[in-house]
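Structure assessment
As a plain string of letters, each chain reads:
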Amino acid sequence: MSAHPPPTPAGRAFEAASAAASLGLAGLLVALAASGVSVFLGHQAAPARRIDDIARELQRDPLLALGTFQALLPALVALVLAALTLAALAPAPAPALARPPWPARLRAAAWTLLPLALLPAALWYDEESGRAIIAAALVGLSAYLAATLLARPDAPPAPISPRAARRAAAALATLAGLFLFAVATQRHRAHWSSLIDLGLFYELYDNPEGRLLYSPTLGMSFLGEHFSPVLALLWPIVALARTPVALLAIQAATIAAGAYLLYELAARRTKSHALGLALLLAYALCPFVQRAAFYDFHLDMLEPPLIFGFVLACTSQHRHRHVWLWLCAVLLWATKEDTFIYTSVMATVFLVAEGRRREGAAIIVTGLAVGAVVLTQVLPALRAPYDPTHFSTVAVAEGYAFGARYYNLGETPADGLQLLLLNPFGWLSDVFTGAGLSSVLALILVFGPTTLTARWRAVLIIPAFEMLLGERMRSFPFYYGAVVMPFAALAAIEGARELALRRDRAACSPAPETLLDFIARRTTSARLATALLVGSAALWSFHPASALSSHSDHGFLRTEHEARAEALLDALPADAPVAATGYLAVQLQSRHPTTMLPYGLDVAEHVIVDLQRPPWPLTYGQLQSRLEHLVASGQFAVQSADRETGLIALARVPRVDPASARLAARDLRHLLAAPVMEAELTEDTAFPDRRVADPDAQNGALLSIESSDARGPAHAFFGPYLTLPPGRYRATFRLRWFNDLGAELNADQPLVDFDIHSRGSAAAAARRLTAADLAPVEAHFAEPTLDFELTAPRRDVELRVFFHDIGRLDLDFVRLDRLGDVVRPATPAPPSP
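Notes on the structure follow. (Residues numbered from 1 in each chain as written. Predicted model: local features only at pLDDT ≥ 70, side-chain atom pairs only at ≥ 80, totals over all residues. Heavy atoms only, no water.)

What follows is about the packing of aromatic side chains. Counted by the stated rule, this structure contains 15 aromatic pairs. Seen in terms of ring centroids, W326 and W333 are 6.4 Å apart; in terms of plane orientation they differ by 75 degrees. Their pairing is edge-to-face. Here W326 falls in the partly exposed class, since its relative accessible area comes to 29%. Overall, W333 belongs to the buried group, its relative accessible area being 6%. Every member of this aromatic cluster is reached through a ring pair, and the members are F201, F222 and F297. The positively charged end of R105 is found above the aromatic ring belonging to W102, 4.7 Å away from the centroid. Sitting over the face of the ring of W192, R613 holds its NZ or CZ atom 4.1 Å from the ring centroid. (Phe/Tyr/Trp six-rings, centres within 6.5 Å; stacked < 30°, edge-to-face > 60°. Buried < 20%, exposed > 50% of the residue type's maximum accessible area, 1.4 Å probe, protein only. Lys NZ or Arg CZ within 6 Å of the ring centre and 35° of its normal.)

Take E678: it is sitting in strand β8 (residues 676–678). On the accessibility criterion, E678 (3% relative accessible area) is buried. Taking C-alpha positions, E678 is 8.7 Å from L811, a pair spaced 133 residues apart along the chain. Sequence-distant contacts of E678, defined by excluding residues within four places in its chain, comprise Q612, Q698, N699, A701, D812 and F813. Within the structure, E678 has its side chain in polar contact with the side chain of Q698 (distance 2.8 Å). (Helix = DSSP H or I, 4+ residues; strand = E, 2+ residues; numbered from the N terminus. Contact = heavy atoms within 4.5 Å. Polar contact = N/O pair within 3.5 Å; in protein donor to acceptor, adjacent residues only side chain to side chain.)

Turning next to the sheet that holds strand β5 (residues 606–610). Ordered by their spatial adjacency, five strands build an open sheet running β4-β3-β5-β7-β6, and the pairing between neighbours is mixed. Two strands lie at the open edges of the sheet, namely β4 (594–596) and β6 (636–642), each paired on one side alone. Each neighbouring strand pair of the sheet contributes to a mean axis angle of 20 degrees, computed without reference to strand direction. Sheet topology places strand β3 (residues 578–580) next to β5; three bridges connect them, and they run parallel. Its bridge partner being in β5, A580 is matched across the sheet by I608. Sheet strands touched by helix α23 (residues 560–570): β5, β6 and β7 (647–652). Its angle to β7, the strand with the most contacts, is close to 10 degrees. (Pairing = 2+ DSSP bridges. Axes fitted to C-alpha atoms, helices over the stretch in contact; angles between N-to-C directions.)

Dropping the structure here:
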C-alpha cells in the first residue's frame, strides 16, 4: 500500500505551477545576475564623470543599455551553466530527506548568483581601486553562498594531509614568485624601470666609490635616507649577479617566502590548511603586492617574511621560539625606521594579551627605544646637508626626512598628537572619505571580511594608519599598499580563528547565540576559503594594478624602440661615465658609472637621452634647456641624434670654437623643438592600458582605443610640454579609425579633435575630424595635419588628441615640424615728401 495517496488533478496542477514559478524565478535571477556582470565588465574602467551618463542610460533600458551586448551573452551562458552545475551538485537538506525537485534546486542555485546583479552599484564608487574591491567582494559573497548550497549536512570536512598541504603551499608560493619575477623582468626589458627606485638600490652595492650602501645619486649613505642596515645582507647576491634584475628576483623571493609563512600561520591559527592555501594565493597575487613587485625594488618588501615570522614565533610552542622572536624583531628594526610600530602592535596582540606580558613588554620597550634613537639621533647624524647637485626625495637637511608627509597633522610630533587626541572626528573623516575610504576597504575586504569578526584584534591594522594619516599617502600610491597588506592578512586570520572557536563552542554548548555566534555556526573554513579564492580571482581580473586585469596599466610591451636604445647603449666605450635619463640609466649601471640627468654632468663623458620617455625629475622643457646649454658651452658635442626614435647621444669634447658650438646648439634646439612622439611610449594619455603591438605602426606598436572602453570621451594624447621658439609649425597625427560597431553616423559627427595648447593661454590652433573626414579612409592610416605659428616664445606647449569615443581609434604617433620663421607682411614704404 502506498505511503502517500496519488495526487489529485488539482494537486498536480499546483505542482506544475510551482515548478513553472520556480523555473521562471530562477531564469529572472540568472538574467539579472548576467546583466549585472555585463554592465560592470563593460564599464569597470569608467571615470567618475561617466557615472551620471551611465545612470541616465540605465533609466532608458535597465538590462541592455550601456552598449554591453557583447558581454551579456557570454555572461548569461556562463551563469546558466553555473546554476545548472550548482543545482546538480546540491545535496539533500538532510540525510534522511529526498533531494528537492529540479525547479526548486535551480531556484536555490539562482539565488546564490543574485549578488552579481548588484555589481553595477559598484560603478557609483568613483575611485577605480575601491570600485574593484567592492565588486570582488560581491563575487566572493556569491561564491560563499554557492559553497553553502553545496555543503553536505553533517558531513565532516575532507581531511587534508599536512605534508601534502605544505608541499602544495611551497609549490604555489614558488609559482607566484616566478610569475611576479617574470612580469617585473618583462617590464624592465620594456624600459619602464628607472634609476629611481631600482637603480638607486642597485648602486648601493655597485658604485664608483666602492662603498657598501653608499648612494652616489643621494650623495650620502642610504642609511641617512632610511635606516636599513639589513640591506647589507643582500650584498653577496647582488655582487655575484651584477645586474639590477637581481634585486627584482630578491623582491619576488621575499614575497613568495612571506606568502608561505602566511600559509603556515593561517593553517596553525585556524586549523585549516584549505584556508591557509587560499590566503597564500590571495596575498601573493594581491594587486597591491603585484604593484610593488613590478614597480622597481623597495626595501619595505623585505618586511613581510619577518612580520609573519615574528607572529609565528609569538604563537609557537617551539623550544627555540624566543630566539626566532628576537631575531625577527631585530631584523625588522634594521629594515626601516618605523618598524618599531609594527613590533609594538604585534607584541601587544600576540604576547601581552596571551599572558606573556614580560616578553611582550621587553619587545615593546626595546622597539620604542630603538625607534627613538634612530629617528632623533641616527638618521639626522647620517643625513648629509641638502645639496641640489644630488637627488633627494625631499629637500630636508635636518631631522627625519619623511616627516614632511605628516605636516597636515602639525609641524611637530606634539602638534600631531594634540590633533589626533582633540579632533578625532576631523582626522577620522579624512581617513574614511575619498581615497582613504578605498584604502580602508582594501584593509577590510581584500582578504575577506573576517577582519570585522576579529573583535579587538582588528587593532592589528593600526600600522596602516601611519600611512593613512599622511595627506599624500591615503590612496596607497605606488607600492605603499603592499606595505600594510600583511597586517590586513593577520587581522583576517584572527577573524577566521574567532569564528572557528565560536563554532566549536556552539557545538558543545546550548548557550544563547549572539550575532557573531549565529555567523560562526554557519561559517566553515572551507566556505571562507572558497569565497576568498573566487573573490581574489575577481579582484585580480578587475583591479588595474593587476597584471591579470583586462585593463592593466603596466608597461609590459617591448617595442623596436627599446632594441634601438640598447644598441646605442652597447656602442658606448667600456667603463665610460654616463649621465642618462632615468629609464635608460638603470640599463647602464652594471657596465658604466651612471648618474641620472640632471646630476653627475661634471664627471660624465657621455650623455644619453630618450625623448620618448618622461625625463623626470626634469620636465621636457627643462631637458631642452639643459641639453642646449651643454652643447652651446662647448662641453659636449652631438654624437648622434635620431629624430624618429628620440634617442640622443652627446660626448664630452675639448673646448671647441664658440661659433661652432652655437651653431651645433641651434641645430639641436631645432631638433628638440620638432620631436616625433610615439603614442604607445607616452605616459601622457587617458588610456595607458591600450598599448598594443601592430606591425603596420611606425614603432611596431600604437595606442588602440575601442568604443567598448567605456571611459568616454578623453584625451588619447597630450604633452610633452615643449618650449618652442617663434616660427611656423606643422603637427602631423598618424591615426587609423574604424567604425567597429557598424553604426550609421552623420557626416558632421565629431570623431577626433586636435589642438595646440599652452597652459594658461588660448589654443594656438585647433582642428576637428568628422565622420565625413575619416569614413572614406576607414581602416587605413591617415596623417591629418595642423598648421600654426608662434610670434613669441611659448613654454609648456602640448599637442593634444581628443577622442570622442565613437568607433575605434588607433593612434600611432604625433610629429611636429618647424616650417620656418614667421612671415610678417611687408610694411608699406612711407610716401615721399
